[in-house]
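# Observations on the model geometry
Here's the letter readout for the chains.
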Amino acid sequence: FLFTRAAHGLDAPTLLDPSHALFDLTDGDTEQGLDEVDPRTGDVIWHNPNVAACSAYVGKIICLARSNDDIALVDPSTGATVWTTAFPQTAGGAAFSTSAVVGDEGYFATGSSAMLIAINLTNGHVDWRHNTGIDSIDQIVPLDNTHIAVAGLVNGADGSTEQVDSMAVANGATTTIYA
């Protein structure tokens, strides 16, 4: 399970499999970090104090590095930080707010920016940055092995409108599929 402990307490866990649970401890406790916990016994299997605000994907745990809001990849079997990479902070220092994974590539955006960043999850290398034209990205969703959908608001003279783009994961080429 992946539990997020905010100032108000624990949020719902994320189940990796029936015998493994992750807890994301992000409040003011001295034991901040990420814990893998056996959901049957409550025993802590491993603890990583260097990350917070994590998202679990198949075989991958992507987090913020606690020291500087960089992106960090955590090995789900050991809890060790595999790599960290500087997140291009294009929105006044905001960390990523939405992400998606397709194969070994992660796609990250801040909610208040049009910038989408593709990061190779094997080595942490930033493969490309693309200005989507969507002023406030709300969601990134994998469509298949070659495309992701990017949804959010576009600001215009008559106010904001919702837009969804299909984006090629290889190079960021974009086609608007809903506006």
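Residues numbered from 1 in each chain as written. Predicted model: local features only at pLDDT ≥ 70, side-chain atom pairs only at ≥ 80, totals over all residues. Heavy atoms only, no water.

## Some thoughts on the overall build of the protein chain
We count it as follows: Where helices and strands are cited, they refer to DSSP runs of H or I of at least four residues and of E of at least two residues respectively, numbered from the N terminus. Buried means the residue's accessible area, taken with a 1.4 Å probe over protein chains only, is under 20% of the maximum for its type, while exposed means over 50%, and partly exposed covers the values in between. By definition in these notes, contact holds between two residues if any of their heavy atoms fall within 4.5 Å. We get accessible surface area from the Shrake-Rupley algorithm with a probe of 1.4 Å; when it comes to residues, only the shown protein chains can shield them.
Counting its secondary structure elements, the protein chain contains 0 helices and 18 strands. Taking all 179 residues of the protein chain together, 45% fall into the buried category. Of the contacts formed within the protein chain by residues at least 6 apart in sequence, a portion of 27% connects residues at least 24 apart. Here the protein chain has roughly 8,500 Å² of accessible surface; of this, 51% comes from carbon and sulfur atoms.

## Details of the packing of aromatic side chains
What counts, and what does not: Each aromatic pair joins two rings of Phe, Tyr and Trp (for Trp, the six-membered one) with centres within 6.5 Å, and gets the label stacked for planes under 30 degrees apart, edge-to-face for over 60, and tilted for any other angle.
For the coordinates displayed, the defined rule picks out 1 aromatic pair. Each ring, one from Tyr107 and one from Trp128, has its centre 5.9 Å from the other, and the planes form 40°; the classification is tilted. Note that Tyr107 is positioned in strand β12 (residues 105–109) and Trp128 in strand β14 (residues 126–131), a separation of 21 residues in sequence.

## Things to note about the pattern of salt bridges
Applied cut-off: A side-chain nitrogen of Lys or Arg and a carboxyl oxygen of Asp or Glu constitute a salt bridge if their distance falls within 4 Å.
Enumeration according to the criterion identifies 1 salt bridge in this entry. Of the charged contacts in the structure, one is a salt bridge between Asp104 and Lys60, with a shortest N-O distance of 3.4 Å. On the criterion of sequence distance, the pair formed by Asp104 in the loop between β11 (98–102) and β12 and Lys60 in strand β8 (residues 60–65) is long-range, its members being 44 residues apart.

## Considerations on the nonpolar core
Short version of the rule: Nine residue types can take part in a nonpolar core, namely buried Ala, Val, Leu, Ile, Met, Phe, Trp, Tyr and Cys, and a core is a set of them joined through side-chain atoms within 4.5 Å.
Formed by 15 residues in total, the largest nonpolar core has its most connected members in Tyr107, Leu116, Ile140, Ile148 and Val150. For this core, the elements supplying multiple residues, two or more each, are β11, β12, β13 (115–120), β15 (136–142) and β16 (147–156). With 3 residues, β16 is the single largest residue contributor to this core. With sequence-adjacent residues up to four places away left out, Leu116 is seen in contact with Tyr107, Phe108, Ala109, Trp128, Arg129, His130, Thr132, Ile140, Ile148, Val150 and Met167.

## Examining the side chain of Thr98
By the element assignment, Thr98 lies in strand β11. Using a relative accessible area of 11% as the deciding quantity, one classes Thr98 as buried. Excluding residues within four positions of it along the chain, Thr98 makes contact with Tyr107, Phe108, Ala109, Ile137, Asp138, Gln139 and Ile140.

## Overview of the environment of Ile61
Examined against the element boundaries, Ile61 turns out to sit in strand β8. On the basis of relative accessibility, which here comes to 0%, the residue Ile61 falls in the buried class. A C-alpha to C-alpha distance of 9.6 Å links Ile61 and Thr81, two positions 20 residues apart in sequence.

## So, the pairing of β12
Note the threshold: Two strands form a pair only when DSSP identifies at least two bridges running between them.
Taken across its 5 residues, β12 has 5 buried, putting it largely inside the fold. Here β12 shows two buried faces, one formed by Glu105, Tyr107 and Ala109 and the other by Gly106 and Phe108. For β11 and β12, the ladder comprises 5 bridges, and the chain directions are antiparallel. From the neighbouring strand, Ser99 faces β12, where its bridge partner is Phe108.

## Observations regarding the environment of Pro142
For Pro142, the location among the structural elements is in strand β15. Remark: the alpha-carbon pair of Pro142 and Gly103, spanning 39 residues in sequence, is separated by 10.0 Å. Non-local contacts of Pro142, meaning those with residues more than four positions away in its chain, are made with Ala100, Val101, Val102, His147 and Ile148.

## Re the sheet that holds β15
The test is simple: Axis lines are fitted to C-alpha atoms, over the contacting stretch for helices. Their N-to-C directions set the angle, which ranges from 0 to 180 degrees.
A sheet is described by the order of its strands in space; here 4 strands give the open sequence β15-β16-β17-β18, paired in antiparallel fashion. Edge positions in the sheet fall to β15 and β18 (174–178), since each has one partner strand and no second. On average, each strand axis in the sheet is tilted by 30° relative to the strand beside it, whichever way the strands run. In the sheet, strand β17 (residues 159–168) pairs with β18 via 4 bridges, with the strands oriented antiparallel. Bridge pairing links Asp165 to Thr176 in β18.

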